[in-house]
Amino acid sequence: MKIRLTPICVFLFFPFFALAQPSAQYHSGEIKLGIKKLNTLGSALYIAAHPDDENTRLLSYLAKEKKLRTGYLSLTRGDGGQNLIGNEQSELLGLIRTQELLAARRTDGAEQFFTRAIDFGFSKNPQETFSIWDKEQILADAVWVIRKFRPDIIITRFPEDARAGHGQHSASAIIAREAFLAAADPKRFPEQLKDVQVWQAKRIVWNTFNFGGNNTTSADQLKLDIGAFNPLLGKGYGEIAAESRTNHKSQGFGSARQRGEAIEYFLPVAGEPAKSDLFEGISFDWKRTDGGEPIGRMISSVDKSFKIDEPSASVPGLINILAAIANLKDNYWKSQKTYEVKELIAAAAGLWFESYAAKPSLEINSTVTVNSQILLQSPISVALKPFNETEKRNIDLKEGILIRQTYSRTTPGLSNPYWLRENHAIGMYTIPDYHLVGNAENSPLLETTFTFIINGKELSYTRPVVYKFTDPVRGEVYQPVISSPSITATIADKAYLFMGNSPKTIQIQLKSFSDKPVSGIVSPKVPEGWQIQPKQINIDIQSQQDEKTIQFILTPSGNTTHGTFSVSIATGTGTFNRGYKTISYEHIPLQTLFPLAEAHLEKVDLKTGGKNIGYIAGAGDLIPEALEQIGYQVSILSESQVLNANLTGYDAIITGVRFYNVNEQLGLIQPKLMDYVNKGGTLLVQYNVSNPLKVANIGPYPFRISRDRVTDENAKVSLLANDHPVLNFPNKITERDFDNWVQERGLYFTSDADSKYTRVLSMNDPGENSNDGSLIVADYGKGRFVYTSLAFFRELPAGIPGAYRLFVNLITKNKTN
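To start, this report covers the structure provided alongside it. Every chain's residues receive numbers from 1 upward, in the order its sequence appears when written. Local features in this predicted model are restricted to residues of pLDDT 70 or higher, and side-chain atom pairs are both shown and tallied only at a pLDDT of 80 or more, whereas totals for entire chains, interfaces and linings draw on every residue. Side-chain numbers here rest on the full set of heavy atoms in the structure, without hydrogens or water.

## Some details on the overall build of the protein chain
1) Next: By definition, any uninterrupted DSSP run of H or I lasting at least four residues is a helix, any uninterrupted run of E lasting at least two residues is a strand, and each is numbered from the N terminus. For the protein chain, the helix and strand inventory stands at 16 helices and 45 strands.
2) Next: As a reference, a globule follows 2.2 Å times the number of residues to the power 0.38, and the radius of gyration itself is taken over C-alpha atoms. Relative to the globule expectation of 28 Å for 817 residues, the C-alpha radius of gyration of the protein chain, 29 Å, shows essentially globular dimensions.
3) Next: Each residue is placed in one exposure class: buried if its accessible area under a 1.4 Å probe, protein chains only, is under 20% of its type's maximum, exposed if it is over 50%, and partly exposed if it falls in between. With 817 residues in all, the protein chain has 56% of them scored as buried.
4) Next: Only heavy atoms matter for contacts: two residues are in contact if any of them lie within 4.5 Å across the pair. Contacts in the protein chain between residues far apart in sequence, at least 24 positions, make up 75% of those at least 6 positions apart.
5) Next: Roughly 33,100 Å² of accessible area belongs to the protein chain as shown, and the carbon and sulfur atoms make up 47% of that amount. For the area figures, the Shrake-Rupley method with a 1.4 Å probe applies, and any residue is considered shielded solely by the protein chains shown.

Here it is, written out as structure tokens:
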């Protein structure tokens, strides 16, 4: 056995083993299905814009019924979407959704790919999308994936026009069509051709749909019934699809299992049109490759003789097939089918083997002890080549006897998602090495190569080195092994707002990943003219995983109003400037990254009023932390506290984003909130969507929630109620307060609001009519009700001064109150 340090440039096209999943153990039905799939030489690539755009039922049908190599190319990682399970946004949400997609693919049998495009939020047309994306670069990425994957057919989820419902959706269809043509043109992206060949798919089609009130299907379109039942798996494709789609938990996409007939519809886009069969004119058998027909007959023979209660009886036949495949001249199918056969041999032989590190975090360039376990669960002859190269004698495996082996190796460089290693623009990740493009995630930090002699045939397999532990509730848990700096410095907040020249305390959490004591000097860097105390801090951390909190006092001064605060730690072994961040949810592997140890600084003219804020959580945002930044005392209120406590002590109560969509107790809570407003309180409700709403009326007077939004973060904003208190106290709001907003102005604006509401602002995207539904305010009894669709949940964590000034006004009582 050998430990392999895996180069990140490996392009992972095989979906069998993820970074933090147990080695697969296939039951007899899955092994037989895998043998049948050996006799299919064909592939299909589905293309859309985001995680959860894909048609999981069609993917599972293509992969498990048609037995095609099936892939999904999502142009983005869903970074700009909403998050219904936590407060992660942007890149962090993209990490979550990447792992949700990988879990979906492990369920439906397809493979997952991405381009470097960033989901920057909702866009209304492809022109807007391509003004932010570098279209030529995204097209190159899509061509790279096509040339690597070599699909026979390409399927898009969306059309190129407004029926797509989202500018990034229609942009994905445009990219797909142009990539279909460009992949076959040697003059397009010729730099790729030293690694791949041009590729011409047979056709590209649009998988039309009927959802969201938009029916694009019709009786004259090409049809395919994908509602079949797979007896080898004991499930229909509607059931598999539901399990796959339910992995998109951050988007609230839990799905019911569907059974029975399920018709999919298709329209031709380019290439040779299909008249009656989506796959017509394409050979999916071994005749498509020279010398393949005898292999097909060998596979059919093994399939026919397969014993459901003795899969190992197929091992000799599979080994013969492997030898025959080795003689093929078609390197693509030779490589693909060699991998598939080898994995089937291990599965049929009942071979199980894994490798573990003793801890999840390994210091860069440190020595790691790797423990491996090997088990044979059949009576066939299998030997393991010795781990130590000085040993000459193979280790004979005995059925049911677990073998343990230990090795040590040195860890490679820092673990960080490859697309997050460089600073990037709004719409594009910076990926210097195009070989990485398409990969769903990093290759494993460490891999173990196991070499077996199976029925006299030497076969090598690789498995990722993982960390495994037992949780008292979840049971056995796997997580990726990561390589870390010797020490990290995590700044408490991503952005800090300073009110005038008042100082602020910056807390930094130090964490050691070294087996040895770490001593050094922490040095801050601040904007020119700003004052920092102390100038540096000496630190001494004795044990691995120990943590220590230090703090600096930062005071604005001079003419500089904004900038960056950063820290570095000089130790005897090097200088380190990384923080430490984990994302932990039970439905995905633990995600760890090491962002630069820096934070954005803004000096702002900001006055506040009132100090005691109650916050009721919705789907998840960072508003409480943002308000604490500027001196508010924020109490997170449980349902019980809202229902049973006296709320009059709060200067304002804020509901989290989509609170009225997710809280099941709103029927009881809403009257209490309205009573709080009536008695003199201020209630600010952040955006919700129209369906599902847990109560009929959100405010004291009626209004509706529309799908209207303003996606241009620089769109002009007009003040409609210049004399209203929310634009004047305690901060005078002007149009300049809407400068430098991020991603969007707002979403799901109100409409048809009662005349008792004051419409405060008006705005619109280019070419559209002005919309006054982003912010409505009404007096009710002695208090104030505020409903806002403005994207404060993005702007405040980003440290946008004007957003803070307006938000403070909205939660501050009038002077007369």
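Don't stop here, the text continues.
## Section: the packing of aromatic side chains
1) Next: To pair, rings of Phe, Tyr and Trp, with the six-membered ring standing in for Trp, must have centres within 6.5 Å; the planes then decide the type, stacked if under 30 degrees apart, edge-to-face if over 60, and tilted in the middle. Within this structure, the stated rule accounts for 35 aromatic pairs.
2) Next: Taking the centre distance of 5.3 Å and the plane angle of 80 degrees together, the rings of Phe498 and Trp530 count as edge-to-face. Of this pair, Phe498 sits in strand E24 (residues 495-499) while Trp530 sits in the loop between strand E26 (518-525) and strand E27 (531-533), and the two are 32 residues apart along the sequence.
3) Next: Put simply, the rings of Tyr701, Phe703, Tyr757, Tyr780, Phe785 and Tyr787 pair up and form one aromatic cluster.

## Things to note about the pattern of salt bridges
1) Next: Here, a salt bridge means any side-chain nitrogen of Lys or Arg that lies within 4 Å of a carboxyl oxygen of Asp or Glu. All chains considered together, the criterion is met by 35 salt bridges.
2) Next: For Glu243, the salt bridge is made with Lys235, and the minimal N-O distance between the two is 3.0 Å.
3) Next: Here Asp772 and Arg759 are joined by a salt bridge, their closest N and O atoms 3.8 Å apart. Of the two residues, Asp772 sits in the loop between strand E43 (761-763) and strand E44 (775-780) while Arg759 sits in strand E42 (residues 758-759), which places them 13 residues apart along the sequence.
4) Next: Each member of the salt-bridge network shares a partner with another, and the members are Lys32, Lys36 and Asp303.

## Structural notes on the sheet that holds E27
1) Next: DSSP bridges decide pairing: two strands pair if at least two such bridges lie between them. Here four strands make up an open sheet; going across it, the order is E23-E25-E29-E27 and the pairing antiparallel. Because the sheet does not close on itself, it has two edges, and the strands there are strand E23 (487-491) and E27. Across the sheet, the axes of successive neighbouring strands diverge by a mean angle of 30 degrees, strand direction being ignored.
2) Next: Note that E23 and strand E25 (residues 504-512) share five bridges and pair antiparallel. Bridging across to E25, Ile487 finds its partner in Ser512. Helix axes use the C-alpha atoms of the stretch in contact, all axes being lines fitted to C-alpha atoms, and the angles between their N-to-C directions lie in the range 0 to 180 degrees.

## With respect to the pairing of strand E29 (residues 547-555)
Both faces of the sheet carry side chains from a regular strand, because those side chains alternate between them.
1) Next: Of the pairings in the sheet, the one linking E25 to E29 comprises eight bridges and is antiparallel in character. Note that in E29 the partner of Gln509 across the bridge is Thr549.

## Some remarks on helix H3 (residues 90-108)
Think of an α-helix as turning once every 3.6 residues; residues three or four places apart then point the same way.
1) Next: Here the expected length of a helix is defined as 1.5 Å per residue gap, with one fewer gap than residues. Taking 1.5 Å as the rise per residue, H3 with 19 residues should run 27 Å; its terminal C-alpha atoms sit 27 Å apart, in good agreement.
2) Next: Within H3, 14 of the 19 residues are buried, leaving the element largely enclosed by the surrounding structure.
3) Next: Where H3 terminates, the next one or two residues include Gly109, which has phi positive at roughly 90 degrees.

## A short note on the packing of helix H2 (residues 56-64) against helix H7 (residues 237-245)
1) Next: At their nearest, the axes of H2 and H7 sit 8 Å apart, and the two run at 120 degrees to each other. Taken together, the axes of H2 and H7 lie oblique to each other. Crossing angle aside, the handedness with which H2 passes H7 is right-handed. Contacts from Thr56, Arg57, Ser60, Tyr61 and Lys64 of H2 reach H7 at Tyr237, Gly238, Ile240, Ala241, Ser244 and Arg245.
2) Next: Residue type decides the class: Asp, Glu, Lys and Arg count as charged, Ala, Val, Leu, Ile, Met, Phe, Trp, Tyr, Cys and Pro as nonpolar, and the leftover types, Gly among them, as polar. By residue class, the composition of the contact of H2 with H7 is four nonpolar, four polar and three charged. Working rule for angles: under 35 degrees goes down as roughly parallel, over 145 as roughly antiparallel, 65 to 115 as roughly perpendicular, anything else as oblique. The sense of a crossing depends on the near helix, which, turned anticlockwise from the far helix by less than a right angle, makes the crossing left-handed and, turned clockwise, makes it right-handed.

## Description of the side chain of Asp108
1) Next: Tracing the backbone through its elements, the reader meets Asp108 in helix H3.
2) Next: Polar contacts, as used here, are pairs of N or O atoms within 3.5 Å; protein pairs need one atom able to donate a hydrogen and one able to accept it. Residues neighboring in sequence count only if both atoms are side-chain atoms. Within the structure, the side chain of Asp108 is placed 3.0 Å from the backbone nitrogen of Ala110, a separation counted as a polar contact.
3) Next: When sequence neighbours within four positions are dropped, the list of residues in contact with Asp108 reads Thr56, Leu59, Ser60, Ala63, Lys64, Ile240 and Ser244.

## Thoughts on the sheet that holds strand E9 (residues 222-225)
1) Next: Taking strand neighbours across the sheet as the criterion, the seven strands line up as E4-E3-E2-E5-E6-E12-E9 in an open arrangement whose pairing is mixed. Single-partner strands in this sheet number two, and they are strand E4 (111-114) and E9. Between one strand and the next, the sheet's axes are offset by a mean angle of 30 degrees, whatever the strand orientation.
2) Next: Across six bridges, the pairing between strand E6 (residues 203-208) and strand E12 (residues 263-271) is antiparallel. Its bridge partner lying in E12, Arg203 is registered against Gly271.

## Description of empty space enclosed by the protein
1) Next: Cavity and pocket criteria rest on a 1 Å grid covering protein atoms alone: a 1.4 Å probe that fits but cannot get out defines a cavity, protein on both sides within 12 Å along at least 5 of 7 lines defines an open pocket, and an atom within 4 Å of a point defines a lining residue. Grid points are joined across faces, edges and corners, and a volume is the space filled by probe spheres set on the points. One pass over the full model with this rule turns up five cavities of 30 Å³ or more.
2) Next: When its volume is computed, the largest cavity comes out at roughly 80 Å³.
3) Next: Forming the boundary of the largest cavity are 13 residues, of which Gln82, Asn83, Gln89, Gly620 and Phe793 lie nearest the centre.
4) Next: For the lining of the largest cavity, a count of residues per class yields four nonpolar, seven polar and two charged.

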